[in-house]
Amino acid sequence: MSATPNATSKRTHEDLDALSETGSQTKKPRHEEKAAGLCRDDEFWEEDGNIVLVAGNVEFRVYRGVLAHHSPVFADMFSLPQPVGDVSTAPGSATSCPVVQLADSPEDLRHVLRAILPRKHARLVHDEAEDLSFHAISAYARLGHKFQIVSLLEQSTEFLMKTYGDKFDRWHENRQPGPPKWQDEYAIGVVNIARLIGCPFILPGALALCCTLRPKQLLHGFKREDGSEEKLDESDLLRCLNGRSELINEGAFTTVLAISSFRHPACCRHSKECRKQLRLLLFAEKEYMSIPSSSYPFKISAEDLMSWQDLCEYCMNALSEKIAEQKVATWRRLPTTLDIEGVDGWGQNAGQVRPMSFVNL
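Sequence order as written defines residue numbering, which begins from 1 separately in each chain. In keeping with the predicted nature of the model, local features appear solely for residues at pLDDT of at least 70, side-chain atom pairs appear and are counted solely at 80 or more, and the whole-chain, interface and lining totals rest on all residues. Think of the side-chain values as coming from all heavy atoms in the structure, minus any hydrogens and water.

*Asks:* Would you mind going over the packing of aromatic side chains with me for this structure?
*Replies:* Centre-to-centre distance and the angle between the planes together describe a pair of aromatic rings. Think of it this way: a Phe, Tyr or Trp ring, Trp meaning its six-membered ring, pairs with another when their centres are within 6.5 Å, and the plane angle makes it stacked under 30 degrees, edge-to-face over 60, tilted otherwise. Tallied over the full model, the rule gives ten aromatic pairs. Judged by centre distance (4.6 Å) and plane angle (15°), the rings of Phe134 and Tyr186 are stacked. A residue pair is termed long-range when its members are at least 10 positions apart, and Phe134 in helix H6 (residues 134–146) and Tyr186 in helix H8 (residues 186–197) qualify at 52 residues. Summarising the aromatic geometry, the rings of Phe134 and Phe222 are spaced 5.5 Å apart at their centres and angled 80° between planes, so their arrangement reads as edge-to-face. With a gap of 88 residues between them, Phe134 in helix H6 and Phe222 in strand S5 (residues 222–223) connect regions that are remote in the sequence. Secondary structure elements are defined from DSSP: runs of H or I of at least 4 residues count as helices, runs of E of at least 2 residues count as strands, and each element is numbered from the N terminus.

Okay, here's the thing in structure tokens:
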């Protein structure tokens, strides 16, 4: 399945008016409004720039040609006649130039400008793609979609597909599912990005991670850099509440099923002792099935590993492999469990899962 979301159709003049506020007939001339606390951006104010973008209360003086090269929306926007008096009057400006008022936050716009107008000491090559912050990826995806900046949209989508896609090995072996420096609740923002750009293949993994959040986190979401709230919409919140219970039950049932159907490997030298230990494990797992748990259903927990130490090495590895197979089956059912459409083929990349290593436990 292609990771690239559907391209947005060419904007009409009415659409462009909605993207910026320069077309309003009721607004006062810009120079009469400039006293309302606007300030220059410290990072993006080019004295020879020929366009000023205003986001929130921050002005960015940059180059219209560069913006138009990356974005057909900006190119169309700049082709419209600017209202009389719509010029920058920031103190110290050598010359006046047109101003475009945007509805985006200065934080988001700054992330995008860093990508298409890199500064002198910008880090252009990352050792790890995971060094990118959630806020940068979010701005790339949302503004890339809005302004049809194809490179940003495609690269941010590819990153999210790799991080939240259907390769099961990333979600196994007790590892953090999302990027190491991302908070778990950022999965809420990933769900909303996937909805916005029309990329449902990101949804199963992101919603599954949302299912592991504490109820308060799930309900209230988190705040973006600009202070705005990022929350799930009602339908996705309901998916998580329903899916959470089902995934918890499946997580417990997976271990019980694996132990109850376990067959000792031929190389086991302590079958009597291992059988006894497996009966104890099965009894304990059945007891715990009635206890609510928020543990992620695709990991083998540290508690599981410690409880298996009385098994021989061969039985531990065989049990781990059997449980991993059951977890892959749960993984492949995620679209059905979470009521997600448009993700045919989900889980085909799960592949063979490597058993857990029990060395030095």
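From this point, things continue past the structure.
*Asks:* Would you explain the sheet that holds strand S3 (residues 58–62) in this entry?
*Replies:* Remark on secondary structure: sheet strands pair via backbone hydrogen bonds, oriented parallel or antiparallel. A sheet is described by the order of its strands in space; here four strands give the open sequence S1-S3-S2-S4, paired in mixed fashion. If you trace the sheet from one side to the other, it starts and ends with strand S1 (39–45) and strand S4 (99–102), each paired once. Mean inter-strand twist for the sheet, computed between neighbouring axes without regard to direction, equals 30°. Here a strand pair is declared whenever DSSP counts at least two bridges between the two strands. Bridge count between strand S2 (residues 51–55) and S3: five bridges; the pairing is antiparallel. From the neighbouring strand, Val54 faces S3, where its bridge partner is Glu59. Every axis corresponds to a line fitted to the C-alpha atoms, with the helix fit spanning only the stretch in contact, and the corresponding angles, defined between N-to-C directions, vary from 0 to 180 degrees.

*Asks:* What is the right way to read the environment of Val328 from this model?
*Replies:* Along the chain, the position of Val328 falls in helix H14 (residues 313–332). For every residue, the accessible area obtained with a 1.4 Å probe (protein chains only) is divided by the maximum for its type, and the residue is called buried under 20%, exposed over 50%, and partly exposed between those limits. Look at Val328 and you get buried, because its relative accessible area is 7%. In this structure, the C-alpha to C-alpha distance between Val328 and Asp169, residues 159 residues apart in sequence, is 9.4 Å.

*Asks:* Help me understand a positive patch on the surface in this model?
*Replies:* A patch consists of residues whose relative accessible area exceeds 30% and which take part in no salt bridge; residues with like charges are grouped when within 9 Å of each other, and nonpolar side chains (Val, Leu, Ile, Met, Phe, Trp, Tyr) when within 5 Å. Every accessible area reported is derived by Shrake-Rupley at a probe size of 1.4 Å, with residue values counting cover from the shown protein chains alone. A side-chain nitrogen of Lys or Arg and a carboxyl oxygen of Asp or Glu constitute a salt bridge if their distance falls within 4 Å. Neither His nor the chain ends contribute to the count of charged residues, in which Lys and Arg are positive and Asp and Glu negative. Lys charges are placed at NZ, Arg charges at CZ, Asp charges at CG and Glu charges at CD. On the surface, Lys272, Arg275, Lys276 and Arg279 cluster together into a positively charged patch. In this fold, Arg275 is placed in helix H12 (residues 271–288).

*Asks:* Where do I start with the nonpolar core in this structure?
*Replies:* Generally speaking, a soluble globular protein has its nonpolar side chains buried in company with each other. What we call a nonpolar core is a set of buried Ala, Val, Leu, Ile, Met, Phe, Trp, Tyr and Cys residues that are connected through their side-chain atoms within 4.5 Å. Leu53, Leu67, Leu113, Leu160, Tyr164, Trp182 and Cys210 are the most contacted members of the largest nonpolar core, which totals 69 residues. At eight residues, H8 tops the list of elements feeding residues into this core. Setting aside its immediate chain neighbours within four residues, Cys210 contacts Ala187, Ile188, Val191, Leu218, Leu232 and Cys240. The next biggest cluster of nonpolar side chains, apart from the first, holds 15 residues, and it includes Phe262, Cys274, Leu311 and Cys312. Whether two residues are in contact is decided by their heavy atoms, any of which lying within 4.5 Å being enough.

*Asks:* What's the story with the side chain of Arg239 in this structure? I'm lost.
*Replies:* Position of Arg239 among the secondary structure elements: in helix H11 (residues 234–260). In contact with Arg239, not counting residues within four places along its chain, are Arg195, Leu207, Leu338 and Asp339.

*Asks:* Explain the confidence of the model for the protein chain here, please?
*Replies:* Reading fine detail from the predicted coordinates is not recommended where pLDDT is low. Residue-level confidence of the predictor, termed pLDDT, takes values from 0 up to 100. Of all residues in the protein chain, 70% have pLDDT values of 70 or greater, and the mean over the chain is 77. For the protein chain, per-element mean pLDDT is lowest for helix H2 (residues 30–33), which scores 40, and highest for H8, which scores 97. Below pLDDT 50 for its whole length, residues 355–361 participates in 16 contacts with residues either more than four positions away or in separate chains.

*Asks:* Hey, could you run me through helix H9 (residues 203–210) in this one?
*Replies:* A turn of α-helix holds 3.6 residues, and therefore any two residues three or four places apart point the same way. The buried count for H9 comes to eight of eight residues, which makes it a mostly enclosed element. Looking at the buried positions of H9, the neighbouring elements they touch are helix H7 (150–164), H8, helix H10 (215–220), H11 and helix H15 (334–337).

*Asks:* Could you clarify how one ought to interpret the packing of H8 against H9 in this entry?
*Replies:* Helix-helix packing is characterised by the crossing angle of the two axes and by the distance between the axes. With their axes 8 Å apart at the nearest point, H8 and H9 run at an angle of 150° to one another. Compared by their axis directions, H8 and H9 come out roughly antiparallel. Helix-helix and strand crossings are classified by hand; for H8 and H9 the assignment is left-handed. Contacts from Ala187, Ile188, Val190, Val191, Ala194 and Arg195 of H8 reach H9 at Leu203, Ala206, Leu207, Leu209 and Cys210. Side-chain classes follow a simple rule in which Ala, Val, Leu, Ile, Met, Phe, Trp, Tyr, Cys and Pro form the nonpolar group, Asp, Glu, Lys and Arg form the charged group, and the remainder, Gly included, forms the polar group. Across the contact of H8 with H9, the residue classes tally to ten nonpolar, no polar and one charged. Working definition: roughly parallel below 35 degrees, roughly antiparallel above 145 degrees, roughly perpendicular at 65 to 115 degrees, and oblique for all remaining angles. Each crossing gets its handedness from the near helix: less than a right angle anticlockwise from the far helix is left-handed, clockwise is right-handed.

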